[in-house]
Each structure stands twice: as C-alpha cells, then as structure tokens.
Amino acid sequence: MAKRALPEINAGSMADIAFLLLIFFLVTTTMDVDSGINRKLPPWDEEQLDDPPPIKKKNIFTVLVNSRNQLLVEDEYMELEDLREAAKRFLNNNGDGSCDYCSGALRSPTSSDNPGKAIISLQNDRGTNYKTYISVQNELAAAYNDLREELAQRLYGKSYEDLEEEAREEVQNAYPQKISEAEPVSLG
Amino acid sequence: MSKFKKKQGGGTPAISTASLPDIVFMLLFFFMVTTVMREVTLKVENTKPKATEIKKLERKSLVTYVYVGKPKDMYASQLGSEPVLQLDDAIARVNEIGNFVISAREEINEAERPLMTVSIKADENVKMGLITDIKQELRKANSLKINYSTRKGEVFGEER
C-alpha cells in the first residue's frame, strides 16, 4: 500500500474566524473600570437607642448641606473649596495633647480632643444635588487621606499607598475615618 | 558562480500569513480577559459625578448595581422626567430594592456574602432624597457595603 499524503487543511480562513470573534467581543464588552467612594451604612435598628453615648460637642464637626447646595460648617457658611482644609484643621487639632504625631496642631480648646475622638457629622437636605453630596464626601475623604499621607511620609518616608500592611494599619488607626451621616431633614 | 545565482529572479516571495491567526487570537484573548460583558441596557441618563479619592471595585461578581437617573428621552413618554431607579433591565420602585438585593445575595456563595457590595450609579443631577430612600432600603435589607460610583476627575473645575 502506497502511503498517501494527507491533504493539508487550508488554514487561510482561520484569521477571518478569529477576527469575527474579536469584533464580537469588542462590541459586547465594556472596558471601563468601576470605581467609586466606598462607604459603610449603619445597620438598621427599629428601636433607636434611648441614650446615645455622650460625645462632646467640640469633638463633632458638623457639615450641613442645604437644598441650594450651600455648605454650613460648624455654624458658618463655607465654600466647598475650603472644606478640606477646615476638616484637616479639625481632625488634627489635638486639643488634649494626647496625639504625639499631630504636627502643626492648633490645640484650640473648642475643636477636637484628638483624631481618635473626632467625628465628622454630615447632614444633607432631601433636595441636595447628588453631585454636591459626592463632592462633600470626596473632600472629607481627602482630608483623611491627606493626613494619613503626611503621617506616612513623616514616619516611614514612603507614600501611604506603598506602605506594608502593618504600617498602613497603624497610620490608618492614627486617623480613623469617622464620618457619621444623619438622616436628611428639610433645611430649606 | 551559478551556485549562488540560482535563487534570484521570480518576483518577490509572498509574505507568509500563517501567523496572522495567532496574532488575532492573542488580541482576542486579551480583550476577553480585560473586559466584562455589557450587562444592562441603560434606560436612564447616567453621568456620574467626579471624585478624586476613589477606590477600584474589585471582584465584579460580588457587586450589584443600582442605576439612578432621569429616564432617557426615548423613554420619557412612558416614564416621565423625574429620576427613576433601574435594577437590571427594568425600571423599579424604591421599595423593590430590598428583594432585588436579597435575591442577588442568594446567588453568591455563602462564604463571600459579607463581601457583597452594592454600587450606586447615580446621575449627578439626582436629588439626595431619592438616594437617601435607596440607602434606607439597603439598610433594611442588611446590605451595608455600598459604593458611590464616580468618574475620576477633579471636583472643582467647570461649574465654579
């Protein structure tokens, strides 16, 4: 029996098939990375706490946003641009002197005791724009991130992003992010 | 001499295209790996607000999306012009979120359920009243990890 050579399969159209698949995937898929601001909601409680734990008024940094997207910070009108600095000043105030890593602290008696006790309270109107709300959230998060970044640079000479797990946790605990959101009211 | 002259002549040789499929397949696999299937057809306008302090959402399989915005022009005749909520492909009412989130949670395997995140993709012109209602519903459904979906970009810029 003579050995017959198998006829070769023409692979010329393979490229076409692959292109077809490629175009199909290009059309049906999206490439945008989803990113955003992560927040955690408080658990739902039917009965409200009768006596919430007492918090000194000076440890609360109140931010109110009304339906015209104006900010009232600590009973004073403020522009969005100044919010970050104001929040940083408040968090880094070190009123009782127990924060040994707060550099450039003002130590004002009417502002927060230390970063661990400082709470930012955010309240908005039902008519506030979502855009403004996100901007405010963003500025508040930025205040924390700025302070953490500064501390990371000072302690480790590295950016907060590049820190080891342990060091990162330490820096994070130095400025714990405490943003409390009250239910919206009609502020007018 | 004739030994060397033999190969010359006969025009340019054809370029081999045998490796073309390989190259295209490589591209194909690249796109298959880096992209996700488009999940829903958006019926609402969705221009996300800008923010700088953002984190990437990892593990897409653990994320559930809630879209909020004004209905697009083509649906305006049925849905009106007030911001509405879209869950998957359907327009929904706020009190339907609870069930939607719970059924989405059922699909995730038990060990990973606490990691489930609800991503709120809201249009920047939506009022906070609606967002707050959504957040209350999510609290009732005990789905506490949320993410406000944003675009990367400076907050201050065009409007001020």
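Please refer to the structure higher up on the page.
Residues numbered from 1 in each chain as written. Chains lettered and ligands numbered in written order. Predicted model: local features only at pLDDT ≥ 70, side-chain atom pairs only at ≥ 80, totals over all residues.

Participant: Tell me what's going on with the overall build of chain A, and back it up with residues and numbers.
Facilitator: Across its full length, chain A carries four helices and seven strands. Of the regular secondary structure in chain A, the N- to C-terminal order runs α-β-β-β-β-β-α-β-α-α-β. Relative to the globule expectation of 16 Å for 188 residues, the C-alpha radius of gyration of chain A, 27 Å, shows a markedly less compact shape. Projected onto the principal axes, the alpha-carbon positions of chain A cover approximately 105 × 45 × 35 Å. Within chain A, the proportion of its 188 residues that are buried is 26%. A sequence separation of at least 24 residues applies to 60% of the contacts in chain A between residues at least 6 apart. (Helix = DSSP H or I, 4+ residues; strand = E, 2+ residues; numbered from the N terminus. Rg over C-alpha atoms; globule rule 2.2 N^0.38 Å. Buried ≥ 20, exposed ≤ 12 C-beta atoms within 10 Å, placed from the backbone. Contact = placed C-beta atoms within 7 Å.)

Participant: Mind laying out unusual backbone geometry, listing which residues take part and the relevant values?
Facilitator: Residue and element names in this part refer to chain B. In this model, D88 sits at a positive phi of 50 degrees, which is unusual for a non-glycine residue. Mapped onto the elements, D88 comes out in the loop between β5 (84-87) and β6 (90-92). Unusually for a residue other than glycine, N142 sits at a positive phi of about 60 degrees. With respect to the helices and strands, the residue N142 is situated in the loop between α5 (128-140) and β8 (145-149). The class for N142 is partly exposed, based on 13 C-beta atoms found within 10 Å.

Participant: Provide a residue-level description of the sheet that holds strand β3 (residues 60-65) of chain A, including the pertinent values.
Facilitator: Residue and element names in this part refer to chain A. Here we have five strands laid out as an open sheet, ordered β5-β4-β3-β6-β7, and mixed in their pairing. Here the strands that pair on one side only, and so sit at the sheet edges, are β5 (76-78) and β7 (179-181). Sheet twist, expressed as the average angle between the axes of neighbouring strands with direction ignored, equals 30 degrees. Bridging between strand β6 (residues 119-124) and β7 involves three bridges; their strand directions are parallel. Residue pairing for β7: L122 is matched across the bridge by E181. Its contacts with the sheet place helix α2 (residues 80-91) against β3, β4 (71-73), β5 and β6, and it is angled at close to 20 degrees to β4. (Pairing = 2+ DSSP bridges. Axes fitted to C-alpha atoms, helices over the stretch in contact; angles between N-to-C directions.)

Participant: Run through the sheet that holds strand β7 (residues 117-122) of chain B, naming residues and quoting values.
Facilitator: Overall, mixed pairing links the seven strands, which are arranged β3(B)-β2(A)-β8(B)-β7(B)-β4(B)-β5(B)-β6(B) in an open sheet. Of all strands in the sheet, those with a lone pairing partner are β3 (55-56) and β6 of chain B, marking the two edges. The pairing of β5(B) with β6(B) spans three bridges and is classified as antiparallel. In the sheet register, L85(B) faces β6(B), and the bridge partner there is A92(B).

Participant: Which residues make up the nonpolar core, and what values do they have?
Facilitator: Nonpolar side chains in soluble globular proteins tend to end up buried together. By size, the foremost hydrophobic cluster in this structure holds 48 residues, and its most contacted members are A87(A), V66(B), V68(B), I120(B) and I131(B). A total of 11 residues in this core trace back to one element, the largest contributor, which is helix α3 (residues 130-156) of chain A. Contact partners of V66(B), with chain neighbours within four places excluded, come to L85(B), L87(B), I97(B), V118(B), I120(B), K121(B) and I134(B). (Core = buried A, V, L, I, M, F, W, Y, C linked by C-beta atoms within 7 Å.)

Participant: Please set out the interface of chain A and chain B residue by residue, giving values where relevant.
Facilitator: Chain A puts 43 residues into the contact, and the matching count from chain B is 47 residues. Looking at the side of chain A that touches chain B, the elements with two or more residues in it are α1 (14-28), β1 (29-30), β2 (35-40) and α3 of chain A. It is α3(A) that provides the largest number of residues to the side of chain A that touches chain B, a total of 10 residues. Here the side of chain A that touches chain B is built from residues that sort into 22 nonpolar, 14 polar and seven charged. Of the strand pairs in this sheet, β2(A) and β3(B) are connected by two bridges, and their pairing is antiparallel. Each residue of the ladder has a partner; that of S35(A), found in β3(B), is K56(B). (Nonpolar A, V, L, I, M, F, W, Y, C, P; charged D, E, K, R; others polar.)

Participant: I'd love a proper account of the pairing of β7(B), names of residues and values included.
Facilitator: Residue and element names in this part refer to chain B. With six of six residues buried, β7 is to be regarded as a mostly interior element. Covered by surrounding structure in β7 are T117, S119 and K121 together with V118, I120 and A122, the residues of both alternating faces. Bridge count between strand β4 (residues 63-69) and β7: six bridges; the pairing is parallel. What sits directly across from Y65, in β7, is S119.

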